[in-house]
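The lines below spell out each chain.
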Amino acid sequence: MKKSAGMDPRLALLCKMAPPCYKAADIGTDHGYLICALVENGKTKRGIAADLKPQPLEKARREAERRGLSAQMDFVLTDGLTGISPEGLEVVIIAGMGGETILHILESWSYRETPGIVYLLQPMTKGERLRRWLWDNGFAIRREECATAAGRVYTSLEVVYTGEQTEHAPWEYYLGRVEPRRDGDSFCYAENLAEELEKITAGLEGTGERENCNRAKELREITQVIRRKMKEEREK
């Protein structure tokens, strides 16, 4: 795949994970680098750049013009997926925002259960809440891959709607489908997650309140599972 302008490892990961399709939508497109790269590299025949604010959408429009891609793209000023038709749409990318915002966008779109759409989701925060909502609402997380950009590790989820609600162990809501043994970025993601949970646990225990101490116990058990999976990596 040809390297595209403005693509850091975080966006490059999404570009790599995107399956070939007829139409893809980039929600919260910002500068438009990602959706332009998908069109330019032939991963999608048509691209939708959507954003809540006119300024970033105009940036995306200018980027598409600069690359000679305007005829293959649509630019939509909208909140999330509101007003976007599922007709011909095969890939939806929502990245660069918190997990709770992503789930709200999906929850608000009446076509979210359309068969055949692949969602690529990249939560900046609250990944555990996003995963719980997805599994509780009939979505399957097929895989997760990680990338490091500007010193921070991100995970990207490939998601499809199946209609089957599934239950999972508490640690799965936090680590998801990330496999620490997969590569260095995945290992770092697990390490950062374990450290974050350990800090939260210590803070809860420090209050001395029963409810907080019970929550701390749950988080400690989750962290232990994550650490075990990281240890498996070292032993291999």
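Scroll up to find the structure this text is about.
About the criteria used
- Throughout, a residue's number is its position along its own chain's written sequence, starting from 1.
- For a predicted model such as this one, the threshold for reporting local features is a pLDDT of at least 70, and the threshold for listing and counting side-chain atom pairs is 80 or more; totals across whole chains, interfaces and linings nevertheless cover every residue.
- By convention in this description, side-chain values take in all heavy atoms of the structure and omit both hydrogens and water.
- Here the nonpolar core consists of buried residues drawn from Ala, Val, Leu, Ile, Met, Phe, Trp, Tyr and Cys, with membership extended through side-chain atoms lying within 4.5 Å.
- Burial classification: accessible surface area is computed with a 1.4 Å probe over protein chains only, and a residue below 20% of its type maximum counts as buried, one above 50% as exposed, and the rest as partly exposed.
- Each helix is a run of H or I in the DSSP string that is no shorter than four residues. Each strand is a run of E no shorter than two, and both are numbered from the N terminus.
- Working rule for contacts: check all heavy atoms of both residues, and any pair within 4.5 Å makes them a contact.
- Should a side-chain nitrogen of Lys or Arg be within 4 Å of a carboxyl oxygen of Asp or Glu, the pair is scored as a salt bridge.
- Fitted lines through C-alpha atoms give the axes, limited to the stretch in contact for helices. The angle between two N-to-C directions lies from 0 to 180 degrees.
- Just so you know how the angles are binned, under 35 degrees is roughly parallel, over 145 roughly antiparallel, 65 to 115 roughly perpendicular, and the rest oblique.
- Handedness of each helix crossing follows the sense of rotation of the near helix against the far helix: counterclockwise by less than a right angle gives left-handed, clockwise gives right-handed.
- In plain terms, two cysteine sulfur atoms within 2.5 Å form what is called a disulfide here.
- Stacked, tilted and edge-to-face are the three classes assigned to paired rings of Phe, Tyr and Trp, where Trp is represented by its six-membered ring and a pair needs centres within 6.5 Å; plane angles under 30 degrees give stacked, over 60 edge-to-face, the rest tilted.
- Should the NZ of a Lys or the CZ of an Arg lie within 6 Å of a ring centre and within 35 degrees of the ring normal, that charge is described as sitting over the ring.

### Things to note about the nonpolar core
Formed by 44 residues in total, the largest nonpolar core has its most connected members in Ile94, Leu121 and Leu134. Ranked by residue count, the leading element in this core is helix α7 (residues 184-207), at seven residues. Not counting chain neighbours up to four residues away, the residues in contact with Ile94 comprise Ile27, Leu81, Ile102, Ile105, Leu106, Leu120, Leu121 and Gln122. Residues Leu11, Ala24, Ala49 and Val91 belong to the second largest nonpolar core, which totals 29 residues.

### Looking at the pattern of salt bridges
One pass over the structure, following the stated rule, counts 20 salt bridges. In this structure, Glu144 and Arg131 form a salt bridge, with 2.9 Å as the shortest nitrogen-oxygen distance. Taken together, the residues Glu144 in strand β6 (residues 139-149) and Arg131 in helix α5 (residues 127-136) connect sequence positions 13 residues apart. Arg131 shares its class with Glu144; the two are buried. Two residues, Arg227 and Glu191, come together in a salt bridge whose shortest N-O distance is 3.0 Å. A residue pair is termed long-range when its members are at least 10 positions apart, and Arg227 in helix α8 (residues 210-235) and Glu191 in helix α7 qualify at 36 residues.

### Quick look at the packing of helix α1 (residues 9-17) against helix α2 (residues 33-40)
Between α1 and α2, the shortest axis-to-axis distance is 10 Å and the interhelical angle comes to 40 degrees. With respect to each other, α1 and α2 are oriented oblique. Crossing angle aside, the handedness with which α1 passes α2 is right-handed. On α2, the residues touching Leu11, Leu14 and Cys15 of α1 are Tyr33, Leu34, Ala37 and Leu38.

### Points about the state of the cysteines
Applying the stated criterion to the full structure yields zero disulfides. Just so you know, Cys146 is unpaired, no disulfide at all, and the nearest cysteine sulfur is the one on Cys188, 9.3 Å from it.

### Notes on the side chain of Thr223
Mapped onto the secondary structure, Thr223 falls in helix α8. With relative accessibility at 5%, the residue Thr223 sits in the buried group. Not counting residues up to four positions away in its chain, the partners in contact with Thr223 are Ala194, Leu197 and Glu198.

### Notes on the packing of aromatic side chains
Enumeration over the complete set of coordinates arrives at five aromatic pairs. Among the aromatic residues, those joined into a cluster by ring pairs are Tyr119, Trp133, Phe139 and Tyr161. Seen from the ring of Tyr173, Arg132 lies directly overhead, with NZ or CZ sitting 3.8 Å from the centre.

### Focus: unusual backbone geometry
With the exception of glycine, the majority of residues adopt a negative phi angle, and the majority of peptide bonds are in the trans configuration. At Asp30, a residue that is not glycine, the phi angle is positive and equals roughly 60 degrees. Tracing the chain through its elements places Asp30 in the loop between β1 (21-27) and α2. The exposure class assigned to Asp30 is partly exposed, which follows from its relative accessible area of 37%. Residue Ala150 is not a glycine yet carries a positive backbone phi of 55 degrees. Tracing the sequence through the fold places Ala150 in the loop between β6 and β7 (152-161).

### So, α5
When we look at burial in α5, the residues that qualify are Gly127, Leu130, Arg131, Trp133, Leu134 and Trp135. In this fold, the buried residues of α5 make contact with α4 (99-108), β5 (118-123), β6, β7, α6 (170-175) and α7. Following α5 by one or two positions, Gly138 adopts a phi angle in the positive range, close to 85 degrees.

### Remarks on α1
If you check which residues of α1 are buried, you get Arg10, Leu11, Leu13, Leu14, Cys15 and Met17. Contact partners of the buried residues in α1: α2, β4 (89-97), β5, β6 and β7.

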